[in-house]
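Coordinates in review
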Amino acid sequence: MEQTFIMIKPDGVQRGLVGEIICRFEKKGFSLKGLKLISVERAFAEKHYEDLSSKPFFSGLVDYIISGPVVAMVWEGKNVVSTGRNIIGATNPAASAPGTIRGDYAVEIGRNIIHGSDAVESARKEIALWFPDGTVNWQSSLHPWIYEC
Ligand code: GTP
Ligand code: MG
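Criteria and thresholds
- Residues numbered from 1 in each chain as written.
- Chains lettered and ligands numbered in written order.
- Predicted model: local features only at pLDDT ≥ 70, side-chain atom pairs only at ≥ 80, totals over all residues.
- Heavy atoms only, no water.
- Near = heavy atom within 4 Å.
- Polar contact = N/O pair within 3.5 Å; in protein donor to acceptor, adjacent residues only side chain to side chain.
- Areas by Shrake-Rupley, 256 points an atom, 1.4 Å probe, with all protein chains shown as cover.
- 1 Å grid on protein atoms, 1.4 Å probe; cavity = no way out; pocket = protein on both sides within 12 Å on 5 of 7 lines; lining within 4 Å.
- Sits in = over half its atoms within 2 Å of the grid points.
- Nonpolar A, V, L, I, M, F, W, Y, C, P; charged D, E, K, R; others polar.
- UniProt positions renumbered as here; feature names shortened; annotations may be inferred.
- Helix = DSSP H or I, 4+ residues; strand = E, 2+ residues; numbered from the N terminus.
- Points joined across faces, edges and corners; volume = space filled by probe spheres on them.
- Phe/Tyr/Trp six-rings, centres within 6.5 Å; stacked < 30°, edge-to-face > 60°.
- Buried < 20%, exposed > 50% of the residue type's maximum accessible area, 1.4 Å probe, protein only.
- Pairing = 2+ DSSP bridges.
- Axes fitted to C-alpha atoms, helices over the stretch in contact; angles between N-to-C directions.
- Contact = heavy atoms within 4.5 Å.

Around ligand 1 lies a shell formed by Lys9, Tyr49, Leu52, Phe57, Leu61, Arg85, Thr91, Arg102, Ile109, Asn112, His115 and Gly116. Contact between ligand 1 and Lys9: an oxygen atom at 2.8 Å from a side-chain N or O atom of the residue. At 3.2 Å from an oxygen atom of ligand 1 is found a side-chain nitrogen or oxygen belonging to Arg102. Out of a free accessible area of 590 Å², ligand 1 has 75% covered by protein chains. Judged by its atoms lying within 2 Å of the grid points, ligand 1 is housed in the largest pocket. For the shell around ligand 1, the per-class residue count stands at five nonpolar, four polar and three charged.

Structural data, given as structure tokens:
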């Protein structure tokens, strides 16, 4: 089954949104496979966002990610990468639809409270980076109530 990497950024943790964000993914029907509260070093944050290293906002982005603890998670489910991005909303909260996490809780692009992998391949890389010891292999007993088969 498809997996995605979701990170609640330091502003989401500081603003007490951890429970609310987890609730949205759980209620949707996705399964939590990995979870940790972690403070990351600059080099680690740079590695996570290495594709954006040429962007003018890169150093500010890295400062932001290392400014406090983050919640790193792996969620599993059918189409969880793209559906997870829909739950999160557009990158710039000024354009995120109401009902999305960023649309409901964020104002500025540089404080948009949550990260979600943008493709199945980047999810695979990010999960390997953040959970090098692997995740938890279990299946919810609700599976038949969420999936046809
Ligand atoms: P992530 O889920 O965090 O990867 O966001 P995204 O996939 O919606 O956007 P992208 O990967 O393009 O950018 C990564 C992060 O960089 C964004 O979530 C923002 O926090 C930040 N960012 C992107 N564009 C800008 C920008 O123009 N200005 C600033 N200040 N930050 C930006
Ligand atoms: Mg991205």
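This next bit is on the UniProt feature "domain: Nucleoside diphosphate kinase-like" (unreviewed entry) in the chain. Mapped onto the present numbering, the UniProt feature "domain: Nucleoside diphosphate kinase-like" (unreviewed entry) falls at residues 1-138. In residues 1-138, the share of helix is 41% and the share of strand is 17%. The end C-alpha atoms are 12 Å apart.

Let us look at the layout of surface pockets. Considering only enclosed or pocket space, the largest pocket measures out at about 740 Å³ in volume. The wall of the largest pocket is formed by 26 residues, among which His48, Tyr49, Leu52, Leu61 and His115 lie closest to the centre. Sorting the residues of the lining of the largest pocket by element identifies α3 (42-48), α4 (58-65), β4 (114-116) and α7 (120-130) as the ones contributing at least two each. A per-element tally of the lining of the largest pocket places α7 first, with four residues.

Here the focus is the packing of aromatic side chains. Counted by the stated rule, this structure contains three aromatic pairs. For the pair Phe5 and Trp130, a centre-to-centre distance of 5.0 Å together with 25° between the ring planes defines the contact as stacked. With Phe5 in strand β1 (residues 3-8) and Trp130 in helix α7, this residue pair connects regions lying 125 residues apart in the sequence. Accessibility expressed as a relative area gives 0% for Phe5, which makes it buried.

Taking strand neighbours across the sheet as the criterion, the four strands line up as β2-β3-β1-β4 in an open arrangement whose pairing is antiparallel. Only two strands of the sheet have a single neighbouring strand rather than two, namely β2 (31-38) and β4. The mean inter-strand angle of the sheet, taken between neighbouring strand axes irrespective of direction, is 15°. The sheet contact formed by β1 and β4 spans three bridges and is antiparallel. By the bridge assignment for β4, Ile8 is matched with Ile114. Against the sheet, helix α5 (residues 80-88) engages β1, β3 (70-76) and β4, with an angle of about 25° to β1.

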